[in-house]
Amino acid sequence: EAEVLALRFRDGPEGPRQQIDPARIPVLRYHDLRYESDAESEPEATARKMMERDIAALIDLRQEPLAALWLLRVGDRRWLWYLRGHHIGLDGYGMALIERRAAALYAQARGQVAEPGPLRPFAQYLEEEERYRASPQHARDGAWWAQHLAGGPKLAVLRKGAEDYGCSALAAEPALPAELPAALARAAAAADLGWPDLLTLNCDAWLVRDLPEDGT
């Protein structure tokens with residue numbers, strides 16, 4: 001279902017192109033580390049070293065698969081599931097969707113209710129994008145942003161770790177009501193937005209309301 005794990009990149013006369021290649025769907029590799037570990041390492045330590053080496057390895061984006069999928073057995077009743085996807089095609093949000101779906105299928109295999117449902121195919125996303133680009137909403141959105149950004153400051157690209165990346169992050173984990181995801185989905189549908197965009201908008205509104213005017 002996670003077709004992004006089967007991305008292939010190629011160079012063309014108009015620059016780099018990407019496509020979904022079924023031959024690139026990662027094949028599950030099974031390692032029983034109860035017997036493959038050396039005398040100095042426990043099976044789980046061996047597994048983590050394997051994963052660290054795989055993450056650190058350089059990948060040729062034009063030639064090599066961008067994803068890896070392993071099942072590592074580190075005990076009689078303990079396994080580690082390892083899924084690596086290159087950041088060029090998969091971000092933290094996308095990884096979270098894949099993990100939730102995998103957990104749902106695992107629950108289903110154990111006789112429980114499997115939610116959320118299947119991941120949507122990439123072709124459906126492209127169709128949705130084409131409908132939006134051909135719609136009046138696309139023109140209205142473009143005009144709004146053009147007017148909003150006209151005469152504004154020059155946009156800068158932030159470099160991770162650089163001085164212009166901003167201050168260190170602050171974090172909090174408040175207890176949220178269980179009905180929040182459904183309420184967000186309903187509000188997003190009414191506003192014709194994706195729920196992540198609506199959540200970002202809500203955060204911006206809260207900051208504007210509650211932060212001091214001097215920004216401190």
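For clarity, every value in this text was computed on a predicted model and none was experimentally measured. (Residues numbered from 1 in each chain as written. Predicted model: local features only at pLDDT ≥ 70, side-chain atom pairs only at ≥ 80, totals over all residues. Heavy atoms only, no water.)

**Student:** Lay out the sheet that holds strand β4 (residues 67–75) with the relevant residues and their values.
**Tutor:** The three strands lie next to each other as β3-β4-β5, forming an open sheet whose pairing is mixed. Both outer strands of the open sheet, β3 (29–32) and β5 (78–85), are each paired with one neighbouring strand and no more. With strand direction ignored, the average angle separating the axes of adjacent strands in the sheet is 20 degrees. Its contacts with the sheet put helix α2 (residues 43–56) on β3, β4 and β5, and the angle it makes with β4 is roughly 170 degrees. (Pairing = 2+ DSSP bridges. Helix = DSSP H or I, 4+ residues; strand = E, 2+ residues; numbered from the N terminus. Axes fitted to C-alpha atoms, helices over the stretch in contact; angles between N-to-C directions. Contact = heavy atoms within 4.5 Å.)

**Student:** Can you lay out the pairing of β5 for me, pointing to particular residues and giving the numbers?
**Tutor:** Pairing of β4 with β5, which is carried by eight bridges, proceeds in the antiparallel orientation. The partner of Leu69 across the bridge, within β5, is Leu83. In this antiparallel pair of consecutive strands, β4 and β5, the connection spans two residues.

**Student:** Mind laying out the packing of aromatic side chains, listing which residues take part and the relevant values?
**Tutor:** Tallying each qualifying case throughout the model produces four aromatic pairs. Ring centres of Trp144 and Trp145 lie 4.7 Å apart, and the angle between their planes is 90 degrees; on these two criteria the pair is classed as edge-to-face. Note on Trp144: relative accessible area 47%, which makes it partly exposed. Overall, Trp145 belongs to the partly exposed group, its relative accessible area being 48%. (Phe/Tyr/Trp six-rings, centres within 6.5 Å; stacked < 30°, edge-to-face > 60°. Buried < 20%, exposed > 50% of the residue type's maximum accessible area, 1.4 Å probe, protein only.)

**Student:** Please provide a residue-by-residue account of α2, values included.
**Tutor:** In this model, α2 (14 residues) spans 20 Å end to end at C-alpha, consistent with the 20 Å of a helix rising 1.5 Å per residue. Buried within α2 we find Pro43, Thr46, Ala47, Met50, Met51 and Asp54. With its buried residues spanning 135 degrees around the axis, α2 presents them on a single face. Turned more than 90 degrees away from the buried face of α2, the exposed residues are Glu52, Arg53, Ile55 and Ala56. Close packing links the buried residues of α2 with β3, α1 (33–36), β4 and β5. (Expected span 1.5 Å × (residues − 1). Arc of directions from axis to C-beta.)

**Student:** Tell me what's going on with the side chain of Arg73, and back it up with residues and numbers.
**Tutor:** Turning to its location among the elements, Arg73 is positioned in strand β4. Asp32 is the oppositely charged side chain nearest to the buried, salt-bridge-free Arg73, at an N-O distance of 4.7 Å. Looking at Arg73, its side chain comes within polar contact range of the main-chain oxygen of Asp76, at 2.8 Å. Non-local contacts of Arg73, meaning those with residues more than four positions away in its chain, are made with Tyr30, His31, Asp32, Leu33, Arg34, Arg78 and Trp79. (Lys, Arg positive; Asp, Glu negative; His and termini not counted. Salt bridge = Lys/Arg side-chain N within 4 Å of Asp/Glu carboxyl O. Polar contact = N/O pair within 3.5 Å; in protein donor to acceptor, adjacent residues only side chain to side chain.)

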